[in-house]
Each structure stands twice: as structure tokens, then as C-alpha cells.
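Residue strings, one per chain:
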Amino acid sequence: MNEENIDGTNGCSKVRTGTQNEAALLALMEKTGYNMVQENGQRKFGGPPPGWEGPPPPRGCEVFVGKIPRDMYEDELVPVFERAGKIYEFRLMMEFSGENRGYAFVMYTTKEEAQLAIRILNNYEIRPGKFIGVCVSLDNCRLFIGAIPKEKKKEEILDEMKKVTEGVVDVIVYPSATDKTKNRGFAFVEYESHRAAAMARRKLIPGTFQLWGHTIQVDWADPEKEVDEETMQRVKVLYVRNLMISTTEETIKAEFNKFKPGAVERVKKLRDYAFVHFFNREDAVAAMSVMNGKCIDGASIEVTLAKPVNKENTWRQHLNGQISPNSENLIVFANKEESHPKTLGKPPTLPARLNGQHSPSPPEIERCTYPFFPGTKLTPISMYSLKSNHFNSAVMHLDYYCNKNNWAPPEYYLYSTTSQDGKVLLVYKIVIPAIANGSQSYFMPDKLCTTLEDAKELAAQFTLLHLDYNFRRSSINSLSPVSTTLSSGTPSVLPYTSRPYSYPSYPLSPTISLANGSHVGQRLYISNQASFF
């Protein structure tokens, strides 16, 4: 440990020596009966606790803790987290200097205790002005493998991965949206344990490893967010994937109404997947059983219950920080096909990860400030020399996307209308000059915004979606935009991979009337705390 550390308890700035730190930890161990050991850059308290018999707690019992003051240790942290329940294991990530790394993992003995910790300790003021972030953490056993030849079948990919890595359990491959005989250029490899997946990633990650003569891309897949059983029991929306792009909402509705006419309320289709809303949950469950694996327009579809996302718990946390959730406490459905090409293709959620652990966010570029010291050497660069993970807004991603494909910058055209209550509602139309003569001459979202920034961001997001650009690494879309010819004489789009990128889902207002007598179906509400991450 450091010889000197600041003891910030109760806001004091009292110097605490290494001997005092050691004494405090020994006192904690003596009081609780837990053991403590430091290995591989982390200090483990417990695991198992005294008198524990049987296997470790199941998945879902561990929480991730971020924004921990660097000079705070187990003697202060453990009593705080014990308020939620019995701690099975507390893992504090440590620096060589003896300071902690700003985050930890706390495993409770039950899922209920973990959920309670999230409720009472997320955004908890651990010291005056210092707030910690707490969310669920799950071990990740799945790797994302990109840049796979699109003609390779599941069996070929599975055999190859078993040859080069150990512990492979399964491979998940999705057909291309435009050609069902090909894959989407990526796969998900499931391993028997987190350790096996981590060892495989370590072997494959250098970037020099090749499969079938191709340099592959390797990273952690986004683990799926677990939704509690009580919430799932209320779901009456089905998630349908692997549809033909040409299949219409009317066709989908007709097919799902066949088993019981009038059961379907509405259908929302986006590219090669759709959400089918039912009036009754019983009809949705029955339709899922009947329709899963059926063919629609020649494509064998997959049907599951859509996973709702609790807006109150939808927040992303970086390695050493957090972003608070939006204020609306509403259940909405996250559109996975829209927002991520690197999460397993199952019902929509907002997954997150951290170094292979299911934690709030992938290890992206930090969003924080650093001191700028006099004399610091600066080098002029172009924004286009950066990687895509340096951008957080859809507007910047769209500009970057166009540049990478040697297109002219996107053109934004602003339109407005007025609601009956006098609010000015805004929407942008975006024109991509390079493809303006193609099948789609412009892109305009079907939602209006009350602020200019939100309108522009939403339009850019909408355009990227329809260009098949990947906002986020998930297993639903491919890792590159549409690679087919867009129009006669238009060159193919350059393959381009984005860092994990997602957008919040927004609650919608009831139908509103405009001053000119027309109607806007639903208005997009964006909270004052809304952000596009």
C-alpha cells in the first residue's frame, strides 16, 4: 500500500499511513471473519464467506461499482454494501501504487440482495460530493468475431474456432439481410466459462490472427440484459427476426393473424426484423409457439418475446464513471436491430459490458477531462484520422461514415410545424449526395422534436440505421454497412466498423393536433437529462 493515503471519511482530509490502512483492513477481517487476498490486480474479500457451504451464488448476484474514490478501501466500502445483504465476495481492483482503480465487483448471496444494492446504492453519496454508480454485473462467456467470410456456414465456423481455441460450446451465425445464403460477416462464439472466453480473446486479439486468410476482429460480445420474470409475464409483444427485406408489415400482420383473426394490434418492421404487438398476452404466447420457425416469403423466421427495458435502470457506466438514467420511469422496448450489431440476436434489451464482465459499458474512450499543463506538446490532426469510438453523437458518426466512403458530407434541411398548444416542432431531412439518385433520395425520421439539437441527432440516427451502419456491437446487424451496389453506377460502400453505440428509447405522447388541422401520430419526448450514447 501507499505510505500515505487520504482518509476522506466525513469529508476530512486526514493523512492515513500505510500502517493505518493495514490496521483498518486487519480489523475488518477480524470483525467479519472473512479472508482477504490480493492477486492479478484485484483484492478479494471473502469468496466464500465464513461457514459457506455449496456452490457460489448464481448469475445475477453480482453488482458492478464505479466511481469509487481512489483512496477508499474495504474497511469503508464493505460496511456500506453490507446494508443490502450478506456479501459473498468483494473484489476491489487495485493499482500497483496501492490505490484502488476506481471500481469493484460485489457478489451477494442472492439476486434479491444484488437488486436491493442497485436500488439503494446507485448514485449513493459515498463521501461529500462523491457519488458511486451501481449496476448488475454478469460474467461474459461469449466473444464477437468479425470480418468472417460471408460464404462460411455455421458448421465451418464452429469447426475452425474449435481448432484454434479451447472450450467452444456453440457458434451463433445470422444470415445476411439481403442474401439468406450468406452470413452477415460476423459470428458469436460461446465458451464453457468466462475464463475460457478470456483466454481465447487473449489469443485472438492481437489482430494478426487469421481465419481462412482473413484478419479477424475479436472483442467481447454484449451480454444480454436479464429481465425479471414478473416483467416478462406482462409482455405481449413478439420480436420477429430473419425476415426478408421485401416483406411488408401487412404481410406479417396477416400471417400472425391466421391462427386467431384480429389478435394482432399492430406491427412495426425495420429492415429484416419486426415487433408484433398483440392485444392479449395469451395470444402473443400462442402465436410465438405456432409461428417460430415458419416461413414468410421464403424466409424461416425466429420468434421470441420482446424484452422490455426499464428506463429507470437504463444507464451506461464507463470504467470509472457513470451516467445517470433519464428521469422517466417507463417501460419501453429497445430496438436491438436499430442500435446494436454486437449483441446476441434475441429480444431487444440494452446490454453493456466491461472487460468481459457484464457491467455498464465497454472500455471505450473515457468521457472526462484531464488537466492541460503549460508546455504540453500538441499535434494538429484531422477528425477523420480518429477511430469511430472517439465520437458519441450520431451527427458525428454520419459525417465520419460519409468521409470513410469517400462521399460528400450529408446535407441537413430543417422543417417545422406548430402544435395546437403553440409548440414549435422540428424535424430534419438529410440528403446524402452520393446516393441521392438511388432508390432513397433522402432520409427523414417519423418523429418531431422540440429542440434543434435533438432533431438533428434523431435524423442522423435514422439515416445511419437505414444505411445499415452499426451503432453498437451486437449480434443482430452486420459489422459493415450495405455492401451491395446502391444504384446503377454507384460503387459499393466501404466496410466500416463502429464502436459500441446505442441510443435510449423514448416514451411517446398521445396523438397531437397541429395548428393547420393535420395530426402528428405521436410526439417524441426527450428528457432534460437525455443523452445519445
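Residues numbered from 1 in each chain as written. Predicted model: local features only at pLDDT ≥ 70, side-chain atom pairs only at ≥ 80, totals over all residues. Heavy atoms only, no water.

**Some thoughts on the sheet that holds strand 10 (residues 142-146)**
By way of backbone hydrogen bonds, the strands of a sheet pair with one another, either parallel or antiparallel.
So, step 1. Spatial strand order, 11-12-10-15: 4 strands in an open sheet with antiparallel pairing. Looking along the sheet, the strands with just one partner apiece sit at the ends: strand 11 (168-172) and strand 15 (217-220). Between one strand and the next, the sheet's axes are offset by a mean angle of 25 degrees, whatever the strand orientation.
So, step 2. The sheet contact formed by strand 11 and strand 12 (residues 186-191) spans 4 bridges and is antiparallel. (Pairing = 2+ DSSP bridges. Helix = DSSP H or I, 4+ residues; strand = E, 2+ residues; numbered from the N terminus. Axes fitted to C-alpha atoms, helices over the stretch in contact; angles between N-to-C directions.)

**Digging into the side chain of arginine 184**
So, step 1. Mapping arginine 184 onto the fold places it in the loop between strand 11 and strand 12.
So, step 2. Here proline 175 takes part through its backbone oxygen, which lies 2.6 Å from a polar atom of the side chain of arginine 184. (Polar contact = N/O pair within 3.5 Å; in protein donor to acceptor, adjacent residues only side chain to side chain.)

**Considerations on unusual backbone geometry**
So, step 1. Note that the residue after glycine 47, namely proline 48, is joined by a cis bond; omega there is 5 degrees.
So, step 2. Mapped onto the elements of the fold, proline 48 is located in the loop between strand 4 (42-46) and strand 5 (62-66).
So, step 3. Positive phi is not limited to glycine here, since alanine 147 has a value of about 65 degrees.
So, step 4. Even without being glycine, asparagine 242 reaches a positive phi, approximately 70 degrees.
So, step 5. Mapped onto the elements of the fold, asparagine 242 is located in the loop between strand 16 (237-241) and helix 7 (249-257).
So, step 6. Judged by its relative accessible area of 9%, asparagine 242 falls in the buried class. (Buried < 20%, exposed > 50% of the residue type's maximum accessible area, 1.4 Å probe, protein only.)

**Some points on the pattern of salt bridges**
So, step 1. Summed over all chains, the structure comprises 16 salt bridges.
So, step 2. What you see here is one network of salt bridges that share partners, running through Glu62, Glu89 and Arg91. (Salt bridge = Lys/Arg side-chain N within 4 Å of Asp/Glu carboxyl O.)

**Considering the pairing of strand 8 (residues 124-127)**
So, step 1. Here 3 bridges tie strand 8 to strand 9 (residues 130-137), and the two strands are oriented antiparallel to one another. Within the sheet, the bridge partner assigned to glutamate 125 lies in strand 9 and is phenylalanine 131.
So, step 2. Taken together, strand 8 and the strand that follows it, strand 9, pair antiparallel across an intervening segment of 2 residues, in which glycine 129 is found at a positive phi of about 80 degrees.

**Remarks on helix 11 (residues 452-466)**
So, step 1. Relative to the 21 Å expected for 15 residues at 1.5 Å per residue, helix 11 spans 21 Å between its end C-alpha atoms, a close match to the ideal helical length.
So, step 2. Where burial is concerned, most of helix 11 is hidden: 11 out of the 15 residues are buried.
So, step 3. Within helix 11 the residues assigned to the buried category are Asp454, Ala455, Glu457, Leu458, Ala459, Ala460, Gln461, Phe462, Thr463, Leu464 and Leu465. (Expected span 1.5 Å × (residues − 1).)

**Re the nonpolar core**
So, step 1. Counting residues in hydrophobic clusters, the biggest one holds 30 residues, and the most contacted among them are Phe81, Phe90 and Tyr108.
So, step 2. Among the elements of the structure, helix 1 (18-32), strand 5, helix 2 (74-81), strand 6 (87-94), strand 7 (100-108), helix 3 (111-121) and strand 9 are those that each provide at least two residues to this core.
So, step 3. If we ignore the near neighbours within four places in the chain, the residues touching phenylalanine 90 are Arg43, Lys44, Phe45, Glu74, Leu77, Val78, Phe81, Ala104, Phe105 and Val106.
So, step 4. Of all hydrophobic cores here, the second largest spans 21 residues; its members include Leu158, Ala200, Leu211 and Val218. (Core = buried A, V, L, I, M, F, W, Y, C linked by side-chain atoms within 4.5 Å. Contact = heavy atoms within 4.5 Å.)

**Here's the deal with the confidence of the model for the protein**
So, step 1. Summing up the model confidence of the protein, the mean pLDDT is 74 and the portion of residues at 70 or higher is 70%.
So, step 2. Predicted confidence for residues 1-15 stays below pLDDT 50, and this span has 45 contacts to residues more than four positions away or in other chains.
So, step 3. Here residues 345-365 scores under 50 on pLDDT; set against residues more than four positions off or in separate chains, the count is 112 contacts. (pLDDT = per-residue confidence, 0-100.)

**A look at helix 2**
In an α-helix, one full turn covers 3.6 residues, which means residues spaced three or four apart are oriented alike.
So, step 1. Among the 8 residues in helix 2, 7 count as buried, and that is most of the element.
So, step 2. Taken as a whole, helix 2 has its buried residues at Glu74, Asp75, Glu76, Leu77, Val78, Val80 and Phe81.

**Section: the sheet that holds strand 21 (residues 302-305)**
So, step 1. Reading across the sheet, the 4 strands line up as 17-18-16-21 and stay open at both edges, with antiparallel pairing between neighbours. Strand pairing shows two members of the sheet lacking a second neighbour, strand 17 (264-270) and strand 21, which therefore form its edges. Each neighbouring strand pair of the sheet contributes to a mean axis angle of 20 degrees, computed without reference to strand direction.
So, step 2. Relative to strand 18 (residues 273-278), strand 17 runs antiparallel, the two sharing 6 bridges. Pairing of leucine 270 across the sheet is with tyrosine 273, part of strand 18.
So, step 3. Where helix 7 meets the sheet, its contacts fall on strand 16, strand 17, strand 18 and strand 21, and the angle it forms with strand 17 comes to roughly 140 degrees.
So, step 4. Contacts from helix 8 (residues 281-291) reach strand 16, strand 18 and strand 21, with the element oriented near 155 degrees to strand 21.

**Examining the packing of aromatic side chains**
So, step 1. One pass over the structure, following the stated rule, counts 16 aromatic pairs.
So, step 2. Where tyrosine 239 meets phenylalanine 275, the ring centres are 5.7 Å apart and the plane angle is 40 degrees; that geometry is what we call tilted. Taken together, the positions of tyrosine 239 in strand 16 and phenylalanine 275 in strand 18 put the pair 36 residues apart, joining distant regions of the chain. Comparing tyrosine 239 with phenylalanine 275, the two get one shared label, buried. (Phe/Tyr/Trp six-rings, centres within 6.5 Å; stacked < 30°, edge-to-face > 60°.)

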